[in-house]
Each structure stands twice: as C-alpha cells, then as structure tokens.
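Summary of structural features
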Amino acid sequence: MIPSAFEYFAPASVAEAISLLEQYGDEAKILAGGHSLLPAMKLRLASPGVLIDINKIAELRGVVINGSINIGAMTTWHTIEHHDGLKSACGVLPEVVAQIGDIQVRNRGTLGGALAHADPAADAPAAILALDAQIRTHGPGGERTIAAGDFFTDMLTTSLEPNELITAIIVNKLGAGEGAAYAKFPHPASRYAIVGVAAYVKMNGDKVSACRVAVTGAGPMPTRQGDTEQAMLNSDGSAEAIAKAAEEAGANMDVLGDIHASEDYRRAMVKVYARRALTTAVARARR
Ligand SMILES: Cc1cc2nc3c(=O)[nH]c(=O)nc-3n(C[C@H](O)[C@H](O)[C@H](O)COP(=O)(O)OP(=O)(O)OC[C@H]3O[C@@H](n4cnc5c(N)ncnc54)[C@H](O)[C@@H]3O)c2cc1C
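Residues numbered from 1 in each chain as written. Predicted model: local features only at pLDDT ≥ 70, side-chain atom pairs only at ≥ 80, totals over all residues. Heavy atoms only, no water.

**A look at unusual backbone geometry**
Leave glycine aside and you will find that most residues have negative phi; peptide bonds, for their part, are mostly trans. Selection criterion: Going along the chain from the N terminus, every DSSP run of H or I of four or more residues is numbered as a helix, and every run of E of two or more is numbered as a strand.
Of note in this structure, Ala118 is not a glycine but carries a positive phi near 55°. Positionally, Ala118 belongs in the loop between helix H7 (111–117) and helix H8 (124–130).

Right under this line is the structure:
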C-alpha cells in the first residue's frame, strides 16, 4: 500500500524540529524508526501532510550513565540491547528490548518512538512504569519532565503535547537489594506482548520495602498493579507471598479480548506472568 503524499523535513537540531512542529501543527508527525508510523501511513490509518524526520539529530541518540541513566529518545532497540553499561546498571532494559520484534525492528525502532506511540501491546512502556522512569520532553515552551506514571493516558494516547518532542528517558540505576524482571507471553509472529509484566522489587533485609508491577498487552494501556504491589510490601518475598500477590494482578484494570486471546485468558495470564516476573525480580534483589 502506498501512503498519501507528504512533505518531508530532516532537521539537524531539536530547536529546528520544534520550530517545524510549531509551523505545521496538527498536519505534522515526527518520524523516528518508522516501524509504527509507516505501517499506519501505508494502511492510510495516518495521513500526515508533513513528516519531520528526527534521525539526523545526533543529540537524541545514545546512552549516558552517571548518577542515573539517560537514554536519548532516538536510541535504537539494538543499541539498548547490546549496551554493556546498561546491562550492569539496569539489566532489565536490555532484557526487555531483546524480546521486541525481530532484528530489523530492533535495528530501526527507538525507545522514544515506542513511548510516544503507546501501543497497548508494546514492551518498553511496562518496564518504564515499573522502573518509575521519567520522560524528558521539549516543546515551544521549553523542557519538561513527565513521570512515567503520568505519561500513558489511554490506548495510543499520552500526555505529550502535539508540538512536543520526547528527547530522553531517565532511569535510575539498580543498586544493592534491588531487582527487576520482565516476563512476557509474546505473539508468535509479531512478538508484541499478548501479556507482559515488568516487576521491580527492593529488599530491606528479608522484607520487601518497595515494589512496582506494570502490565502491558492485556488492556488498552500499560497499567501499574497497585493491589499486587501492596500485597508484596513488607512480605518476605517468599514463593507463597508472591503467589498471593500475583493473584491480585489484573483485578482493577480493563482487560481486552481479541482474536489472539480472550479477556478471560488474558486475565489468567496476567496472574501467571506477574508471578514469574516477581519471582525473578525478588531473586535478583537478593543477590
Ligand atoms: C513487525 C513488527 C514487530 C514489532 N514487534 C514489537 C514487539 O514485539 N514489541 C514492541 O514493543 N514493539 C514492537 N514493534 C514496534 C516497534 O518497536 C516500533 O519501532 C516502535 O513501537 C515505534 O518506534 P519507532 O522509533 O519505529 O517510531 P515511529 O514509528 O517513527 O513513530 C511512532 C509514533 O511516535 C511518534 N514519535 C516518534 N518519536 C517521537 C519523539 N521522539 N517524540 C515525539 N513523538 C515521537 C511518531 O510521530 C509516531 O506517531 C514491532 C513493529 C513491527 C513493524
């Protein structure tokens, strides 16, 4: 299928991209890896009159690890997957990313593009929520930082303004006593999550002192599981405690059924994958 005609710009700086976004308003779309936008354009589900390709903006690429981890919005899955610094500072991110699509998708797809697109079955949003990351944006009014918990607002919808660009994602390094993991039931063809669960656990001695669990794939948007998190808090992180907490997963969220999996099946899988992700996260936190 051939997309409808569009004008094409390839700015070399964030400032230039913002000024193009201001100039063309609703007509314009940012082009990152193109692995979600271009299929939508070919199917005529999206017909932007203007594409602003941000691939030439060098400042948006790469991973910097200091006190925290700063991942440029245009950093590809491939870079994240193979980044040695990330593997030791926050190993769950390369682990999540290695499970995305296939090598072609990982060579082109970007973290910023995936978060902006907010596909309900995308993997990274669950990890970003469980890690309590921050999303840095740049718009005509300057920069702002959005907590991951405030970023996803509905299916394919975020709190990003139409003329704003995601510039970076800030993630805390995982230290002693902290562990995170991702467990996913992938669609066998696309690898998108039929159900995916990301879990973060902090142990203080033999007690769980912090826990965040986020589900993707099951509902219209990635969702934190407050009841599961509460059940884990102050528990000993034992298999019994995890099984009990995982039973709460999916309780307070919309779960959708489709041709790939019914609502009931997804609800059942949310509990199974929550247990798996928590089991690995606790084991890592104890190391
Ligand atoms: C065959 C196939 C299999 C896939 N499998 C998986 C999978 O298993 N798991 C998974 O999570 N994903 C999967 N994906 C999606 C893939 O990861 C996409 O690359 C990703 O979701 C979008 O990133 P992108 O860089 O390609 O963004 P694009 O397609 O370029 O853009 C997506 C949207 O985000 C906007 N946008 C992009 N960058 C920015 C920015 N910096 N600031 C503001 N807005 C921006 C664009 O305007 C557009 O609306 C798959 C895709 C394909 C084609």
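**Examining the packing of aromatic side chains**
Rules: Two rings from Phe, Tyr or Trp (for Trp, the six-membered ring) form a pair when their centres are within 6.5 Å of each other. A pair whose planes differ by under 30 degrees is stacked, one over 60 is edge-to-face, and the rest are tilted. Residue exposure (1.4 Å probe, protein chains only): buried if accessible area is under 20% of the type maximum, exposed if over 50%, otherwise partly exposed. Any Lys NZ or Arg CZ that is within 6 Å of a ring centre and within 35 degrees of that ring's normal is treated as a charge sitting over the ring.
A full pass over the atoms with the stated rule returns four aromatic pairs. On the numbers, 5.3 Å between centres and 35° between planes, the contact of Phe9 with Tyr24 is tilted. Linking Phe9 in strand S1 (residues 7–9) with Tyr24 in helix H1 (residues 14–24), this pair joins segments that are 15 residues apart in sequence. On the basis of relative accessible area, Phe9 is assigned to the partly exposed category, the value being 21%. Look at Phe185 and Tyr273: their rings are 6.1 Å apart centre to centre, the planes differ by 15°, and that puts the pair in the stacked class. A residue pair is termed long-range when its members are at least 10 positions apart, and Phe185 in strand S11 (residues 178–186) and Tyr273 in helix H12 (residues 263–286) qualify at 88 residues. You can call Phe185 partly exposed: its relative accessible area is 21%. Each residue in the set Phe185, Tyr265 and Tyr273 is aromatic and connected to the rest through ring pairs, giving one cluster. One cation-aromatic arrangement involves Arg276 over Tyr273; the distance from NZ or CZ to the ring centre is 4.7 Å.

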